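Fold and contact review
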Amino acid sequence: MKALLIGSSLLAAFLAALFFISGQAVSENSATASHSVSVGSNHPLAMAHHELEQAQDNFNKGDIEAVQRELNAAGKWLQQPGLSDNVKTKDEAAALVQEIQQLQQKISQPSAEHEGAIARIWHRSSALVEHEIQHMKKSWSDVSTANKTIKYLLNAKLHFNYAEHDLFAAYDSGDASKELSYTLTYLDEADKVAIPRVRQQISVIKKDIQALANSHTSSHGQQDIINALDMASASIHHASHSAVPLIQTRLKSLAVEIDSLKSDIGMLEHRQQYDAIMKKMRQLETQL
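Residues numbered from 1 in each chain as written. Predicted model: local features only at pLDDT ≥ 70, side-chain atom pairs only at ≥ 80, totals over all residues. Heavy atoms only, no water.

**Examining the overall build of the protein chain**
- Within the protein chain, the regular secondary structure consists of 10 helices and 2 strands.
- Along its sequence from the N terminus, the protein chain presents helices and strands in the succession α-β-β-α-α-α-α-α-α-α-α-α.
- For the protein chain, the proportion of its 288 residues judged to be buried stands at 43%.
- A separation of at least 24 residues holds for 68% of the contacts in the protein chain among residues at least 6 apart in sequence.
- When the accessible area of the protein chain is evaluated, it comes to approximately 15400 Å², of which 52% is carbon and sulfur surface. (Helix = DSSP H or I, 4+ residues; strand = E, 2+ residues; numbered from the N terminus. Buried < 20%, exposed > 50% of the residue type's maximum accessible area, 1.4 Å probe, protein only. Contact = heavy atoms within 4.5 Å. Areas by Shrake-Rupley, 256 points an atom, 1.4 Å probe, with all protein chains shown as cover.)

**A few points about the side chain of asparagine 161**
- Note on placement: asparagine 161 falls in helix H6 (residues 145-168).
- For asparagine 161, a relative accessible area of 6% corresponds to the buried category.
- Leave out the neighbours within four places in its chain, and asparagine 161 touches His123, Ala127, Glu130, Tyr274 and Met278.

**Describing the side chain of glutamate 99**
- Along the chain, glutamate 99 turns up in helix H4 (residues 87-106).
- Separated by 3.0 Å, the side chains of glutamate 99 and arginine 120 make a polar contact.
- For glutamate 99, the residues in contact, after removing those within four places along its chain, are Arg120, Ile121 and Arg124. (Polar contact = N/O pair within 3.5 Å; in protein donor to acceptor, adjacent residues only side chain to side chain.)

**Considerations on helix H8 (residues 196-214)**
- Look at H8: 27 Å from first C-alpha to last across 19 residues, which is about the 27 Å you get at 1.5 Å a residue.
- Buried residues of H8: Val198, Ile202, Ile205, Lys206, Ile209 and Leu212, and no others. Within H8, the buried residues cover an arc of 120° as seen down the axis, which keeps them to one side. The outward face of H8, more than 90 degrees from its buried face, is lined by the exposed residues Pro196, Gln200, Lys207 and Asn214. (Expected span 1.5 Å × (residues − 1). Arc of directions from axis to C-beta.)

**What to know about the nonpolar core**
- Residues Leu52, Val67, Leu71, Leu78, Ile100 and Ile107 are the most contacted members of the largest nonpolar core, which totals 26 residues.
- Within the residue set of this core, elements represented by two or more residues are helix H2 (44-61), helix H3 (64-78), H4, helix H5 (112-137) and H6.
- Here the element with the most residues in this core is H5; it accounts for 7 residues.
- Apart from residues lying up to four places away in sequence, valine 67 is in contact with Ala55, Asn58, Phe59, Ile107 and Ile118.
- One finds Ala176, Leu212, Met281 and Leu284 within the second-largest nonpolar core, a separate group that totals 24 residues. (Core = buried A, V, L, I, M, F, W, Y, C linked by side-chain atoms within 4.5 Å.)

**Regarding the packing of aromatic side chains**
- Within the structure shown, the criterion is met by 2 aromatic pairs.
- The interplanar angle of 15° and the centroid separation of 4.2 Å between the aromatic rings of phenylalanine 160 and tyrosine 274 together place this pair among those described as stacked. Of the two residues, phenylalanine 160 is situated in helix H6 and tyrosine 274 in helix H10 (residues 245-286); the sequence distance between them amounts to 114 residues.
- A relative accessible area of 0% means that phenylalanine 160 is categorised as buried. (Phe/Tyr/Trp six-rings, centres within 6.5 Å; stacked < 30°, edge-to-face > 60°.)

**Quick notes on the pattern of salt bridges**
- In the structure shown here, the tally under the stated rule is 16 salt bridges.
- Note that aspartate 208 is salt-bridged to lysine 280, the shortest N-O span being 2.6 Å. Taken together, the residues aspartate 208 in helix H8 and lysine 280 in helix H10 connect sequence positions 72 residues apart.
- The closest approach of N and O atoms between arginine 271 and aspartate 275, which form a salt bridge, is 2.9 Å. (Salt bridge = Lys/Arg side-chain N within 4 Å of Asp/Glu carboxyl O.)

**What to know about H6**
- Under the 1.5 Å per step criterion, the end-to-end length of H6 is 35 Å for 24 residues, consistent within 8% with the ideal 34 Å.
- Counting buried positions over the 24 residues of H6 gives 19, a clear majority of the element.

**What to know about the environment of isoleucine 202**
- Among the secondary structure elements, isoleucine 202 is positioned in helix H8.
- Residues isoleucine 202 and aspartate 188 lie 14 residues apart in sequence; the distance between their C-alpha atoms is 8.4 Å.
- Ignoring anything within four residues of it in the chain, the contact list for isoleucine 202 reads Thr149, Leu187, Ala190, Asp191, Ala194 and Leu284.

**Observations regarding the confidence of the model for the protein chain**
- This prediction gives the protein chain a mean pLDDT of 82; 80% of its residues lie at or above 70.
- Of the regions scoring below 50 in pLDDT, residues 1-10 engages in 19 contacts with residues more than four places distant in sequence or in other chains.
- Note on residues 18-40: pLDDT is under 50 here. Beyond four places in sequence and across chains, it has 39 contacts. (pLDDT = per-residue confidence, 0-100.)

**Comments concerning a nonpolar patch on the surface**
- Residues Val244, Leu246 and Ile247 make up a contiguous nonpolar surface patch of about 290 Å² in total accessible area.
- Mapped onto the elements of the fold, isoleucine 247 is located in helix H10.
- You can call isoleucine 247 partly exposed: its relative accessible area is 37%. (Patch = residues over 30% accessible without salt bridge, like charges linked within 9 Å, V, L, I, M, F, W, Y side chains within 5 Å.)

**Side note on unusual backbone geometry**
- With phi around 55°, tyrosine 171 is a residue other than glycine that occupies positive phi space.
- If you trace the backbone, tyrosine 171 turns up in the loop between H6 and helix H7 (173-193).
- Take tyrosine 171: its relative accessible area is 42%, and that puts it in the partly exposed class.

Structure (structure tokens):
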């Protein structure tokens, strides 16, 4: 599986932040109140994510019985009453439970389709953990313009995070398009309540996402790279005719890598676009 999802070590850092978050809350009228948030290691989202990670591991081992147990446990954790006080988190957790239940009905033996479904669910649980952490770090006020904006921005970022798996792991253009559309919808809502300076930044992000969603054809720069790779491949093919067997083997390996790179070149550029947009969203989030 491609290493595009949030890894265990990174998630551990997220969970550490989730377990113990404290800070100062400043209201719209500048009154300051101290608050602290402490979540134990049995937080429902953390436990659900752990069960899904175990399900992935056991699926790779072919232990479908264990996978079913862990999917069932993850679903129960996601339905805990104390999961979150954030409506979006609870709604997305409920949708994740439905995906888990649908997979449980289908899965009977290892297959690429089921492997992809588990990976998708696991990725979404990772994104949901990050979303909950960011929500908990903020001090919310319904009358705060900044907080109204950040709520929509966090929801937009959640769906953009979902789109990462669809774009670069599952290569599912339909699901990716849907998640990018949700992202833009929430950014539209953020734009309605944001101050002018923030609205300008949201506008740039929206244009970047629209460009990412519409970038199906190779750019001039991509074509130049592909042409250069074609020339390199031809040179390798020519050189292999007069090379000794050991060198021929290595040259063939290089040719395979070049072919793989050619097929990935567009996706790599899209990956760069995606990362740049996510960076802008996170930078904007820190300003609110």
